[in-house]
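A structural walkthrough
Chain by chain, the residues:
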Amino acid sequence: LAQELHGGALRPVPKPVRQKLRIRYPSFSVAEGSSIFAQPGLAPGLCLESDPMPPKNQVNPDLDPVLANPVNRTCADCEAKAPRWASVNLGILVCLDCSGAHRNLGTHISVVKSVTLDKWQPKWVQTVSKIGNESSNAFYDARIDSSEKLKEQDSLEKKAIFVRKKYDNKAWCLRNATAPHELLAQGRSPHVYAEEKKSGGRDRSDSGERRPRDREDRRPRRRTPSPEDRRRPAAKAAAAPAPVPAPAPAPKSNVDLLGGFDEAPPPAVDAA
């Protein structure tokens with residue numbers, strides 16, 4: 001408290017109370033000392049205070065956690081940042097360029113919807129939420145070479161060719177395996193391939209797929225015969241009946257095409 005001389009005596013003087021001044025505008029409000037920057041033309045000490053940010057997705061707010069997931073922050077095909085289109089049946093997020101390539105595949109392969117423009121059905125939200133780009137690429141890009149991967153700066157024609165090879169021809173997908181969106185429709189885990197890739201194993205118990213044998217498993221394995229197995233061939237040979245000799249062939253008769261059948265000639269007599 002400040003003090004001043006009053007009538008020869010000092011008395012405390014209360015400090016003035018600073019009050020906040022808030023002025024409402026259509027798109028923002030003003031508060032004293034509550035923002036980073038000052039608005040030109042306002043009184044000293046008055047600064048702009050922005051209103052709370054609107055929701056990230058006003059059309060489909062349920063997709064906010066999907067978009068915030070790190071595995072979905074880039075396009076599933078060309079790795080472009082902030083994809084805002086999706087294949088709702090495959091469960092992936094793609095960029096604008098790749099969405100056109102997906103649309104050209106036909107709805108029997110890929111159903112394309114906008115994240116911010118189209119109103120999504122609940123089953124679409126569940127599909128994209130449960131699959132995502134990582135699990136899908138673990139299946140479709142399982143055998144792709146790094147030199148064949150698509151880039152954001154590639155042409156639209158190259159992107160269209162790549163997307164068709166990836167999803168229509170399934171050029172790089174896992175062999176003898178089921179796609180993640182089909183596993184989800186069957187009530188199985190669509191993340192089994194991504195988990196295999198992380199762990200380096202090939203356990204497909206959750207997917208219900210038959211595990212392909214490795215080269216070592218394909219080699220025939222020799223089993224050492226037990227003493228009982230060795231006695232079995234001798235016992236079978238002793239119990240088997242003796243073979244019956246085949247009957248002697250009958251003597252052939254001479255055939256005379258003109259006179260019919262003649263008796264066999266008498267055996268030759270050796271002259272002494």
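Preceding block: the structure.
Worth saying up front: this structure is predicted, and the values here are computed from it rather than measured.

Before going further, it helps to examine the overall build of the protein. The helix and strand inventory of the protein stands at 9 helices and 10 strands. Here the protein, with 272 residues, has 29% of them falling under the buried criterion. In the protein, of all internal contacts separated by at least 6 residues, the share reaching a separation of at least 24 is 48%. As displayed, the protein has an accessible area near 19,900 Å², and 54% of this comes from carbon and sulfur atoms.

As a further point, take the packing of helix α4 (residues 132-140) against helix α7 (residues 192-199). Running from N to C, α4 and α7 point in directions that differ by 80°, and their axes come no closer than 7 Å. On the basis of their axis angle, the class for α4 and α7 is roughly perpendicular. When α4 is examined against α7, the residues Glu-134, Ser-135, Ala-138 and Phe-139 are found in contact with a partner set consisting of Tyr-193, Ala-194 and Lys-198. Tallied by class, residues from the contact of α4 with α7 come to 4 nonpolar, 1 polar and 2 charged.

This part is about the pattern of salt bridges. Enumeration according to the criterion identifies 6 salt bridges in this entry. A network of salt bridges, in which partner residues are shared, links Asp-77, Asp-141 and Lys-166.

With that out of the way, let us pick up the sheet that holds strand β6 (residues 85-87). To summarise the sheet geometry, strands pair through backbone hydrogen bonds and adopt either a parallel or an antiparallel arrangement. Taken in spatial order, the 3 strands of this open sheet run β7-β6-β8, and their pairing is antiparallel. Every other strand in the sheet has two partners, leaving β7 (92-94) and β8 (112-114) as the edge strands with one partner each. With direction set aside, neighbouring strand axes in the sheet form an average angle of 35°. Here 3 bridges tie β6 to β7, and the two strands are oriented antiparallel to one another. In the sheet register, Ala-86 faces β7, and the bridge partner there is Leu-93.

Parameters and conventions
- Residues numbered from 1 in each chain as written.
- Predicted model: local features only at pLDDT ≥ 70, side-chain atom pairs only at ≥ 80, totals over all residues.
- Heavy atoms only, no water.
- Helix = DSSP H or I, 4+ residues; strand = E, 2+ residues; numbered from the N terminus.
- Buried < 20%, exposed > 50% of the residue type's maximum accessible area, 1.4 Å probe, protein only.
- Contact = heavy atoms within 4.5 Å.
- Areas by Shrake-Rupley, 256 points an atom, 1.4 Å probe, with all protein chains shown as cover.
- Axes fitted to C-alpha atoms, helices over the stretch in contact; angles between N-to-C directions.
- Parallel < 35°, antiparallel > 145°, perpendicular 65-115°, else oblique.
- Nonpolar A, V, L, I, M, F, W, Y, C, P; charged D, E, K, R; others polar.
- Salt bridge = Lys/Arg side-chain N within 4 Å of Asp/Glu carboxyl O.
- Pairing = 2+ DSSP bridges.

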